[in-house]
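Here are the chains, one letter per residue:
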Amino acid sequence: MIKGFREFILRGNVIDLAVAVVIGAAFSAIVDAVVKGLINPLIAFFFSAEDLNHLVWNVPNLQGTNTAFAYGSIIGAIINFLAVAVVVYFAFVMPMNHFNQRRAAKAGVAEEPEALPSEQELLIQIRDLLEKQKSA
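Everything in this summary refers to the structure shown in the same document. If you're wondering where the values come from, they're calculated on a predicted model, not measured in any experiment.

**Quick notes on the overall build of the protein chain**
Then comes step 1: The secondary structure content of the protein chain amounts to 4 helices and 2 strands.
Then comes step 2: When the helices and strands of the protein chain are placed in sequence order, the string is α-α-β-β-α-α.
Then comes step 3: Taking as baseline every contact in the protein chain between residues at least 6 positions apart, the subset at least 24 positions apart corresponds to 21%.
Then comes step 4: Within the structure as shown, the protein chain displays about 11900 Å² of accessible surface, and the carbon and sulfur contribution to it stands at 67%.

**Observations concerning the pairing of strand β2 (residues 66–69)**
Then comes step 1: Pairing analysis gives 4 bridges linking strand β1 (residues 57–60) to β2, with the strands arranged antiparallel. Following the sheet pairing, W57 is matched in β2 by F69.
Then comes step 2: Hairpin connection from β1 to β2: 5 residues lie between these consecutive antiparallel strands, with G64 at a positive phi of about 90°.

**Overview of helix α3 (residues 71–107)**
Then comes step 1: If you check α3, its first and last C-alpha atoms are 52 Å apart, about what 37 residues at 1.5 Å a residue would give, namely 54 Å.
Then comes step 2: For α3, the principal kink sits at Y89 and spans about 40°.
Then comes step 3: The first or second residue beyond α3 is G108, which carries a positive phi of 80°.

**A look at the pattern of salt bridges**
Side-chain pairs of opposite charge can arise where the charged atoms are in close proximity.
Then comes step 1: One pass over the full model with this rule turns up 1 salt bridge.
Then comes step 2: In this structure, D128 engages R127 in a salt bridge whose closest nitrogen and oxygen atoms are separated by 3.2 Å.

**As for the nonpolar core**
Then comes step 1: Grouped together as the largest cluster of nonpolar side chains are 7 residues: F27, V31, V35, I39, I43, L52 and L55.
Then comes step 2: The contacts of F27, once residues within four sequence positions are left out, are V84, V87, V88 and F92.

Rules behind the numbers
- Residues numbered from 1 in each chain as written.
- Predicted model: local features only at pLDDT ≥ 70, side-chain atom pairs only at ≥ 80, totals over all residues.
- Heavy atoms only, no water.
- Helix = DSSP H or I, 4+ residues; strand = E, 2+ residues; numbered from the N terminus.
- Contact = heavy atoms within 4.5 Å.
- Areas by Shrake-Rupley, 256 points an atom, 1.4 Å probe, with all protein chains shown as cover.
- Pairing = 2+ DSSP bridges.
- Expected span 1.5 Å × (residues − 1).
- Bend = angle between axes of the 7 residues up to and from the residue.
- Salt bridge = Lys/Arg side-chain N within 4 Å of Asp/Glu carboxyl O.
- Core = buried A, V, L, I, M, F, W, Y, C linked by side-chain atoms within 4.5 Å.
- Buried < 20%, exposed > 50% of the residue type's maximum accessible area, 1.4 Å probe, protein only.

Okay, structure coming up:
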């Protein structure tokens, strides 16, 4: 039982996942700082609200009171997600892809060859060639 657990831990995927979680937690602090220092002031400039959580649409309900639809928090979550996605792409994914391409070029690894045609496509080509030979 312990041997299986040790193999599981040392497989590599678990360690990579643990590193990703730790980096993600540290990265969230950076994103929070960007949102508080840059995004929220821009929102305050355009919407005259300190952050998007204060943007609410009050609608009268059947009981005679108001129901609050917090559309600002939804917009804020979308902006936060897009900010994280943009930063992750430009800070991590794009440089890593560039690095891998350069490393592959140095190693002399060729691009993947073009995909072979499927069996059905080959049969269609054979049929067409046979029809062409019959007519000639």
